[in-house]
Amino acid sequence: MQPYTDVPLDHERVSESVYMHMINSAEKYLYISTPYLILDEDMVSALCLSAKSGVDVRIVTPSKYDKWMIHQATRCYYRDMVEAGVRIYEYTPGFMHSKTVVIDDKAAIVGSVNWDYRSLYLHFESAVWMCGTDAVLDVKNDLLKSFEVSDEVLREELNFHRGWSLFRLILRLIAPIF
């Protein structure tokens, strides 16, 4: 286990680098839980490329939100990723606030880092990277249970009315200020 921190006061993007390493290292599967999914284009591209190359990429976000605008901003990323083969789920029992990642039964991350601009670039964050420990499988099993009680977002559900499409496009453009 390796704890790490990320601070906005230096020029190192530790959390983003660790997440990108996990995405790029996955060979079989990559499972993610996050309450907020507001990404830059590099991370969206990496997730999509991973799915297109045959990795089972799944992300679970909450269906019950704490902030309506942030929830809509999260949803504006769904279409591109679902079309690329990323499976998106919305957790239905309540607001899910976990931030976890697991790949290939090999490595996992648990911490405070959301998959959004604020956590990745502006906040003080911490997490633990795990490898070669049974805790990795515990994280995987927890995520599998989360998928079971979540609704998968299907491609057909992402064909929005033009007004919603425009609204979500604008949200995506201004997402970094959330």
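Attention in this report is confined to the structure presented alongside it.

### Points about the environment of Y29
In step 1: Checked against the element boundaries, Y29 lands in strand β2 (residues 29-33).
In step 2: Separated by 27 residues in the primary sequence, Y29 and D56 place their C-alpha atoms 4.4 Å from one another.
In step 3: For Y29, the residues in contact, after removing those within four places along its chain, are V55, D56, V102, I103, D104, D105 and K140.
In step 4: At 2.6 Å, the side chain of Y29 and the side chain of D105 are in polar contact.

### Some thoughts on a nonpolar patch on the surface
In step 1: Together, Y65, W68 and M69 make up a nonpolar patch on the protein surface, roughly 300 Å² of accessible area in all.
In step 2: Structurally, Y65 is set in the loop between β4 (56-62) and α3 (68-75).
In step 3: Judged by relative accessible area, which is 41%, Y65 ranks as partly exposed.

### Some remarks on the sheet that holds strand β1 (residues 2-6)
In step 1: Within the open sheet, the eight strands sit side by side as β1-β9-β7-β6-β2-β4-β5-β10. Their pairing is mixed. If you trace the sheet from one side to the other, it starts and ends with β1 and β10 (150-152), each paired once. Neighbour to neighbour, the strand axes of the sheet diverge by 20° on average, direction disregarded.
In step 2: Where β1 meets strand β9 (residues 125-131), five bridges bridge the pair, whose relative direction is antiparallel. Among the inter-strand pairings, Y4 is bridged to a residue of β9, identified as A127.
In step 3: The strands touched by helix α6 (residues 135-148) within the sheet are β2, β4, β5 (87-91), β6 (100-103), β7 (107-111), β9 and β10, with β6 carrying the most contacts at an inclination of about 110°.

### Some thoughts on the pattern of salt bridges
In step 1: Going through the model one piece at a time under the given rule, you end up with five salt bridges.
In step 2: One salt bridge in this structure joins E16 and R13, with 3.9 Å as the shortest N-O distance.
In step 3: Measuring nitrogen to oxygen at the nearest pair gives 3.1 Å for the salt bridge that ties K140 to D105. Of this pair, K140 sits in helix α6 while D105 sits in the loop between β6 and β7, placing them 35 residues apart in sequence.
In step 4: Its relative accessible area of 40% is what places D105 among the partly exposed residues.

### Things to note about the nonpolar core
In step 1: The biggest cluster of nonpolar side chains holds 43 residues, and the ones touching the most others in it are L30, L47, M81 and W115.
In step 2: A per-element tally of this core places helix α2 (residues 41-52) first, with six residues.
In step 3: Not counting the four nearest positions on each side in its chain, W115 is found in contact with Y19, I23, I32, T34, Y36, L37, I38, L39, M43, L47 and V101.
In step 4: Grouped together as the second largest cluster of nonpolar side chains are 14 residues, A108, A135, V139 and F147 included.

### So, the packing of aromatic side chains
In step 1: Tallying each qualifying case throughout the model produces four aromatic pairs.
In step 2: The interplanar angle of 10° and the centroid separation of 4.0 Å between the aromatic rings of Y19 and W115 together place this pair among those described as stacked. Taken as a pair, Y19 in helix α1 (residues 14-25) and W115 in strand β8 (residues 115-116) lie far apart in primary sequence, 96 residues in all.
In step 3: Of the residues examined, W115 reaches a relative accessible area of 0% and is grouped as buried.
In step 4: Members of the aromatic cluster, joined through ring pairs, are Y29, Y31, Y89 and F147.

### Some details on the pairing of β5
In step 1: Taking burial as the measure, the five residues of β5 include four buried ones, the bulk of the element.
In step 2: Of the strand pairs in this sheet, β4 and β5 are connected by five bridges, and their pairing is parallel. What sits directly across from P62, in β5, is Y91.
In step 3: In this sheet, β10 lies alongside β5 in antiparallel orientation, the contact comprising three bridges. Bridge pairing in β10 places E90 opposite D151.

Rules and cut-offs
- Residues numbered from 1 in each chain as written.
- Predicted model: local features only at pLDDT ≥ 70, side-chain atom pairs only at ≥ 80, totals over all residues.
- Heavy atoms only, no water.
- Helix = DSSP H or I, 4+ residues; strand = E, 2+ residues; numbered from the N terminus.
- Contact = heavy atoms within 4.5 Å.
- Polar contact = N/O pair within 3.5 Å; in protein donor to acceptor, adjacent residues only side chain to side chain.
- Patch = residues over 30% accessible without salt bridge, like charges linked within 9 Å, V, L, I, M, F, W, Y side chains within 5 Å.
- Areas by Shrake-Rupley, 256 points an atom, 1.4 Å probe, with all protein chains shown as cover.
- Salt bridge = Lys/Arg side-chain N within 4 Å of Asp/Glu carboxyl O.
- Buried < 20%, exposed > 50% of the residue type's maximum accessible area, 1.4 Å probe, protein only.
- Pairing = 2+ DSSP bridges.
- Axes fitted to C-alpha atoms, helices over the stretch in contact; angles between N-to-C directions.
- Core = buried A, V, L, I, M, F, W, Y, C linked by side-chain atoms within 4.5 Å.
- Phe/Tyr/Trp six-rings, centres within 6.5 Å; stacked < 30°, edge-to-face > 60°.

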